[in-house]
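Survey of secondary and tertiary structure
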Amino acid sequence: MKRKTAIILRYVILVLGAIIMLMPFLWMLSTSLKTQPETVKIPPIWIPKHLMFSNYVNALKEAPFLRYFINSVFVTTVTTAGQLLTSILAAFAFSRLNFYGKNILFVIFLGTMMVPGEMLIIPNFVTLSQLHLVNTYGALIIPWLASFFTVFTLRQTFQSVPDQIYYAAKIDGASDWHYLWHVLVPISKSTITAVTVLQVIGSWNAFMWPLIVTNTENLRTLPVGLQAFTSDAGTNYALLMAASTFVIIPMVILYVFLQKYIIAGISKTGLKG
Amino acid sequence: MEVTFKDVSLSYDGSREILHRLNFTIPEGTLVSILGPSGCGKSTTLMMISGLLAPTSGHIFFGDEDVTKQDALQRKVGMVFQNYALYPHLKVLDNIMFPLKMAKVPKAERREKAIKLAKLVHVDDQLDKKPGSLSGGQQQRVAIARALAKEPSLLLLDEPLSNLDARLRIEMRQEIRRIQQETGVTTIFVTHDQDEALHISDHIMVLNSGKIQQFSSAETLYDNPSNLFIAQFIGEPVINTIDIEDFDDELTDHVDAEILKRAKKVGIRPEALQDHDTGADTLATITTKVKTFEKFGREKNALLDFHGKRLLTTEIEAELAEGQELPLYLQKSGFYLFDQEGTRIFGGDQDVE
Amino acid sequence: MEVTFKDVSLSYDGSREILHRLNFTIPEGTLVSILGPSGCGKSTTLMMISGLLAPTSGHIFFGDEDVTKQDALQRKVGMVFQNYALYPHLKVLDNIMFPLKMAKVPKAERREKAIKLAKLVHVDDQLDKKPGSLSGGQQQRVAIARALAKEPSLLLLDEPLSNLDARLRIEMRQEIRRIQQETGVTTIFVTHDQDEALHISDHIMVLNSGKIQQFSSAETLYDNPSNLFIAQFIGEPVINTIDIEDFDDELTDHVDAEILKRAKKVGIRPEALQDHDTGADTLATITTKVKTFEKFGREKNALLDFHGKRLLTTEIEAELAEGQELPLYLQKSGFYLFDQEGTRIFGGDQDVE
Amino acid sequence: GNSSGDSKAKSDEPVKISFWNGMNGPYQKALKKIINDFNSSQSKYKVVSTAQGDYTALQQKIMAAAKSNSLPVISQTTYTTVPDYSKNNLIEPLDNYMLKGSNKLSSADLKDIYPSFLSSSKYQGKYYSVPFSKSVRVLYYNQDILDKYNLKKPTTWEDIAKDGEVLKAHGIYGMGFDKSWDMEFEGLARQAGNPLITKAPKANLDAAPTLEAANFIMDMIKNKTAKTAGEDFYWTQAFTQGKSAFYAGSSAGVTQMVAQAPKSLHWGTMPLPSYNGKKATEIAGNDIVMFKSASAEQKKGAWAFMKYLMSAKETAKWAKSTGYVPLRKSATETTDFKKYLTDNPYNKAAVDSLDDGFQSNAFLGFSEYRTKLLETVDAMLTKNEPVKKALTSLQTTTEKIIKDNK
Amino acid sequence: MLNEKPTLKSTGKALLYLLPMLIITITFNIYPILKSFIMSFYTKYDFFRDIVSQYGFDNFKFLFSDPDFHIAVKNTLIFVIGVVPLTVIISLAIALLLNRITWLSGLFRTVYFLPFVTSTVAIAQVWHWIYNGDYGLLNYFLSFFGVNAISWLESPHYAMLALIIMSVWKNLGFNIVLFLVGLNNINERYYQAAKIDGANTWHQFTNVTVPLLSPITFLVSVNGVIGSFKVFDEIFALFNGTPGPSKSALTIVYYLYQKFYTEWKYGIAAASGVVLFFMILLVTVFQLWYSKRHVHY
Ligand SMILES: Nc1ncnc2c1ncn2[C@@H]1O[C@H](COP(=O)(O)OP(=O)(O)OP(=O)(O)O)[C@@H](O)[C@H]1O
Ligand SMILES: Nc1ncnc2c1ncn2[C@@H]1O[C@H](COP(=O)(O)OP(=O)(O)OP(=O)(O)O)[C@@H](O)[C@H]1O
Ligand SMILES: [Mg+2]
Ligand SMILES: [Mg+2]
């Protein structure tokens, strides 16, 4: 009996929380189907009188979304993959290898997180321009190939893998390199999946940077397309939300697909101990 | 591969030394067991041989080569860890195949080999499970298979059979012995089971408190314990130990007076207390009183009182009544005297060490 | 606490059943050992008693109370896990104190008690270490201390001594037995060491392939094995097993013809092969040839050839030459016949089960 | 880099004129069309426009490009950045093209363009920018409310205050402002007697007319006859809900208002009423500047394009397709444009206001000053800071800003 | 080896592993950071041509005497103290709940992650509605408890609270995911041992989950502290590009942004960045020190 109430209580809390979490998402969907006057109705309405699916069609006409989409996919994939690679290597060094200056280097890297990104835009633009990378895919990708947050996250997980597993791998003839790719990475796949999702989303939603380092439509990504609905005269929320929905749906699908890996991990066996 | 330790010491934390200046040589192609009380440093010794742990001081040689500075990868030993250390994310089959994969053995071949080893240790019906859903003994057997898969030139086994039942244990130790003899791989085997050590090994090293107590064959260990610790540690039931003062003059005629003076403790194996005179083998006679008489399976233990001290013998066949007087014949083999430091000064074969 | 299983079955994955309709009762205040080959379901059984695992079907009772639906917290048992499961972040002392802390024992008292237990298991010099820097045996001892700290009314021990050396093992098992008898706590003890089981327990339950093979006292198990599995599983060295066909007519006069017809396998304990006639106890006489004669410590094993089959005896004192002919006297106690299904149909005490 | 390299283009290929802007959506489309027209109207130059997102992104991008020597030829920007750009030697004065040379603006042109646009293009005696996307403040009124309570369209601000008193009883505000009323404030101050900052520049923030203007607005607000949009930012929504009879907002908001207002609502626009017998309405929006880093050829082409944008025909076209105001009078007088205004009556007020339009005087440190001005307005509204105290302190701060930037 | 000391060789090897990351980080993080650090000492400076005509501490002196900067520091600290503990506690609680349900667990996990992907415009709009003084959802709920309508976004007293609530909410999804990963990496056997030892759910949580989850908690809180110190986007979204009513949401980064991009005071902006950096560093080093003793890997 007690157990049952506990379960019910859990669901009640989760459902209440879910409503709060869902609200903006539902708002987005609902607005994307409204007429313009409905979007600014006070108090707000949740269910539009007529579902304006045409908003989606109209929204997609406003900008070259297909091109943007392809760019987004390309940039996101390369950025995420590259960043994972550099981060896995660095996290391994920080978690497993002994070297001079380890702690200092760690703090320095940590320090790079402490500077607001707003300060880095201009100097990095200058650097890229000196490297003749402005207005190329390189500019969209290269600066984001390292993320200390990812390194930090992976380090925390790598460090939780028992030493014994490392020893066993050594005995089995695995060099550090093999240990990393055949043991550590598969064992940490839930964390890696999680950081992948976070990075993909970060890269997918990046707005300011792609705008600043590119000058041609051909290189721009989806979030830039959302600009089409905002102007001096105000914002066309219905179309904006339709386009936003179009932009985030791939991320939702990706998450739904990957979330079971985040949870599965090594499940019952666990890492700790 | 011959393994030599030269003055090897180890301390984990830099302050408390766990192993003190170990010196030994394990001859090529032999199987050596390491015996010793829990916490004496057996696993630590193996870890140093494998290269997972660097000695604080001293040198380790494989053959003539000084490997002290080499890491585990270079030393290429095989090892079963005391806690198995299976890869939690790999299935049983993949766990066994892992060293083969690292050695770049072709896929088909490694599979075949792994399945053969899995059969050997009777886990061939568990190949698709992850270690987390194996029983303790099954995990241990997978660890053995994994270590054997590598075909190393030096095999280190840290209590590899501790979670197996008696039957399987015997079967496994025989398999290990067979493989060891067939391939001639130098093998070091940590066990807490003396019987196992006696049956399987060419030599036994007994460690205590980070020091080697004796390193010799199984028989020598039993017949010629170099000190009181060994005498007490080896043998089941445990040797009877009483103070020299507890004897009246039963020994005076039979042991050199000089030695008797230095002696502190007397050790008498339970089977060295016979109920009949064995002639030449009898050293002295004592009189005891029966306290209890017990029978477990094939074993019969009689607990006796000798000058107020307990003595145990296993050599009495007939059922005895409590309180009954009993003359006993002390056998030469199985009777030892130890000095103040515990060193054996009488009994056993004095030449053998 | 009396523990009763009623038709308890278990399957981990919902398809392969690990335990099949177990039925047994463990009387209050007794110490019961569970013996069985690796992977037979011993740990699984303990997990179900503790409430960590729910049976797929069937019911579990503590006394009269059906606890099937209760979780581990409500059942309040003490347990030593096969893999110890010490808290990696807590020091040894805190690990031992943990159950006391949960029971809200005042701080000073729990400390005192924990230190007492640490002394009992000889880890009192390791109190400030984390489990990660303990040796295997030390970890195991901490786990024992932790389980004892709780003073539960039901104590479950899953191979609690597997990583201890022989001396310590005996000491620990005696301590456990002492505590068990003093406090009267019902104790279930999984071990793979028969000797341990024989010495420590009031009753022994032998499991195989998820079924109970026999549940009786140690002697009964040895003297009256209910089937061939038990006869082979219990006893060291293992019982000699040969086919009935290998006998010519040595048995015809001594065993009922009816029984002989049904018999399939013959089991003869090594000590039931005497080199001299013991009179009334002798059942039959056979003639064998010596193959090898070995001596380990106190043990002397002679391997003999009987109609081309191997027989082992431990009862020969004198050293024998290879190939020598030897008449042997089959003793009544230690001679069994088993039928097609492996059930004992001759030998032992037929009334005892 | 798209400036220096491109300038050496082969003679038969048109010179590329890069043009950065912050126009989006329909505005971007309208702009593209005009650029296409320009490109096909001649063969010497080719304008390539890039939308750089919103104005924030555009500003950051210009800063980054300036730092790395990769500025475009021309860019959209607010005229208030001109002092800073010019001080940093980034932009080219336009006098050589606009007032001299073969392609200069005729004096008729100069007269035709609304003076307020021209005056704000001028900094320290030189033209640095040309007007481009401009809007003015206009008054929105709710005809239904006026009818219901028998009110007339106001001719003076005092009328609005009075109407407010009437409506207050019915839970309706007289006037609605956007989140900040700084634009109306500056208009009132000018009508009362002085600009907030003179061309010199000299701050008049605690001058009597300024205080009068601020008090006038704050009194309405305290009196609950007027209200600011606050968290909604624009009063548009509240206006469409009938929360106020009037709303002083941007003419650029008309499009939005049309889209959002319920069909049943009767509303209109008119120029802001007069105060103190004068009329003034603040102009907002963006200009186009030319960067120094471009080649002579590009600059020439850029000027040609700027001139093209200001031509009567194009500015009318631009105004029609975007709702921004036309830049010259003549553009409003064509029949075509008149027809447009009859079809779109809401847009008429903006055009009618242009004669009375003004723009704040830009000076070095303007954006800092503007931040402070907004903070001051905010302080009066959210912290109830007394008008006099707030403006006196703004005066001190502004004087310091002016001094520091000398 | 287990007890190996660093050597030149091992350092060289580690460098190889770190190299890709190092190259990128040095070019795109460390180099610009150093540049802006140096810039904070430029007192007369032509930004575009990179000509420095005077160095000094004036920028810092300015900051220490600028009341706006004081407000920014105060607000930033309030924000960090408000956001970090709440984020850690709430996301951990939700992760625990999500970890304990089986039915519809995938759906719930997705729902709780959605705010992280949803467009910021939608988020800002919804929160504007929630916080609206007249018809807002929050006031509607509060009215049940007899609380009078609060104009959350217009009142200097409540604006910071509104900002904190929204920020906590916005960062939840992300931290929940990290906690879920951490929870799943804890071996079941410690819970079994704890149950046997008589630990109820709460005690299992405090004695097993909390210590064994500490690496992730450490990660989340360090990241939370750093992220909160740098708060900016949320303010922009919630207060329509203003620093809140009466500067009640003016934070250091907002201040920096304003100085840099709207006022073109690069030296002062850089100096405020340096101050921010050292503030974060101080807290983070404290966290690192604390973690040495309380984080169990
Ligand atoms: N979590 C699990 N999931 C699936 N199967 C399991 C799991 N745990 C154990 N098993 C299987 O159940 C059987 C019984 O396991 P159990 O651990 O009870 O054996 P055991 O008798 O304790 O053996 P051992 O002496 O080797 O510890 C084994 O075949 C094992 O592979
Ligand atoms: N990582 C470590 N850090 C500090 N001390 C340790 C560490 N590992 C082991 N020790 C200590 O070193 C001593 C020897 O440990 P070792 O594991 O070698 O013992 P062992 O002989 O294998 O014992 P057992 O039979 O119990 O496994 C023990 O006292 C143990 O507490
Ligand atoms: Mg060990
Ligand atoms: Mg088990």
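Just so it is clear, the model here is predicted, and its values are computed rather than measured. (Residues numbered from 1 in each chain as written. Chains lettered and ligands numbered in written order. Predicted model: local features only at pLDDT ≥ 70, side-chain atom pairs only at ≥ 80, totals over all residues. Heavy atoms only, no water.)

Before going further, it helps to examine the UniProt feature "transmembrane region" (unreviewed entry) in chain E. Residue and element names in this part refer to chain E. Those places that UniProt annotates as "transmembrane region" (unreviewed entry) correspond, in this numbering, to residues 14–34, 77–98, 110–131, 160–181 and 266–290. Along residues 110–131 one finds 91% helix and 0% strand; the C-alpha atoms at either end are 25 Å apart. Each end of residues 266–290 is marked by a C-alpha atom, and these two atoms are 36 Å apart; helix forms 100% of the span and strand 0%. (UniProt positions renumbered as here; feature names shortened; annotations may be inferred. Helix = DSSP H or I, 4+ residues; strand = E, 2+ residues; numbered from the N terminus.)

Let's shift gears to the site of ligand 1. Near ligand 1 there are 20 residues, and of these Ser135, Gly137 and Gln138 of chain B together with Ser43 and Thr44 of chain C occur at the shortest range. Around ligand 1, the nearby residues trace back to chains B and C. Interatomic distance of 2.7 Å between a side-chain N/O atom of serine 38 of chain C and an oxygen atom of ligand 1. Here ligand 1, which alone exposes 630 Å², has 89% of that area covered by the protein. Taken together, the elements giving at least two residues each to the shell around ligand 1 come down to helix H5 (136–149) of chain B together with helix H1 (42–50) of chain C. (Near = heavy atom within 4 Å. Polar contact = N/O pair within 3.5 Å; in protein donor to acceptor, adjacent residues only side chain to side chain. Areas by Shrake-Rupley, 256 points an atom, 1.4 Å probe, with all protein chains shown as cover.)

Residue and element names in this part refer to chain B. Pairing of strand E1 (residues 3–11) with strand E2 (residues 17–26), which is carried by six bridges, proceeds in the antiparallel orientation. If you follow threonine 4 over to E2, its bridge partner there is threonine 25. What sits between the antiparallel neighbours E1 and E2 is a turn of five residues, in which glycine 14 has the positive phi angle 85°. (Pairing = 2+ DSSP bridges.)

Bound to the magnesium ion (ligand 4) on the protein side are Ser43 of chain C (OG) and Gln82 of chain C (OE1), at distances that span 1.9 to 2.1 Å. Linking serine 43 of chain C in helix H1 with glutamine 82 of chain C in the loop between strand E6 (78–80) and helix H3 (92–102), this pair joins segments that are 39 residues apart in sequence. (Donors = N, O, S within 2.8 Å, 3.2 Å for Na, K, Ca; no water.)

Between chain A and chain E, the contact holds 95 residues from the first and 94 residues from the second. Each partner contributes to the roughly 8,900 Å² buried at the junction of chain A and chain E, and carbon and sulfur atoms together form 74% of this total. Our count for the chain A to chain E interface comes out at one salt bridge. Between lysine 13 of chain E and aspartate 176 of chain A there is a salt bridge; the shortest N-O distance is 2.2 Å. Put simply, chain A and chain E have 17 residue pairs in polar contact (both at pLDDT 80 or more) between them. Sorting elements by how many residues they give to the side of chain A that touches chain E places helix H1 (residues 2–31) of chain A first, with 15 residues. (Contact = heavy atoms within 4.5 Å. Buried area = accessible area lost by both parts, 1.4 Å probe. Salt bridge = Lys/Arg side-chain N within 4 Å of Asp/Glu carboxyl O.)

Taking the numbering used here, the UniProt-annotated feature "domain: ABC transmembrane type-1" (unreviewed entry) corresponds to residues 73–287 of chain E. In this annotation, residues 73–287 of chain E is assigned 76% helix and 0% strand; the end-to-end C-alpha distance for the span is 20 Å.

Right, let's talk about the packing of helix H2 (residues 58–65) of chain E against helix H12 (residues 266–294) of chain E for a bit. Residue and element names in this part refer to chain E. Their axes nearest at 9 Å, the elements H2 and H12 cross at an angle of 70°. Comparing the axis directions of H2 and H12 gives the class roughly perpendicular. Across from Asn59, Phe60, Phe62 and Leu63 in H2, the residues of H12 making contact are Gly267, Ile268, Ala271, Ser272, Val274 and Val275. A per-class count over the contact of H2 with H12 returns seven nonpolar, three polar and no charged. (Axes fitted to C-alpha atoms, helices over the stretch in contact; angles between N-to-C directions. Parallel < 35°, antiparallel > 145°, perpendicular 65-115°, else oblique. Nonpolar A, V, L, I, M, F, W, Y, C, P; charged D, E, K, R; others polar.)

Okay, the site of ligand 2 next. Neighbouring residues of ligand 2: 20 residues in total, closest Lys42, Ser43 and Thr44 of chain B together with Ser135 and Gly137 of chain C. Residue neighbours of ligand 2 fall on chains B and C, so the site bridges chains. In the model, an oxygen atom of ligand 2 is placed 2.9 Å from a nitrogen or oxygen of the glycine 41 of chain B main chain. For ligand 2, whose unbound accessible area comes to 630 Å², protein coverage reaches 89%. Elements supplying a minimum of two residues to the shell around ligand 2: helix H1 (42–50) of chain B together with helix H5 (136–149) of chain C.

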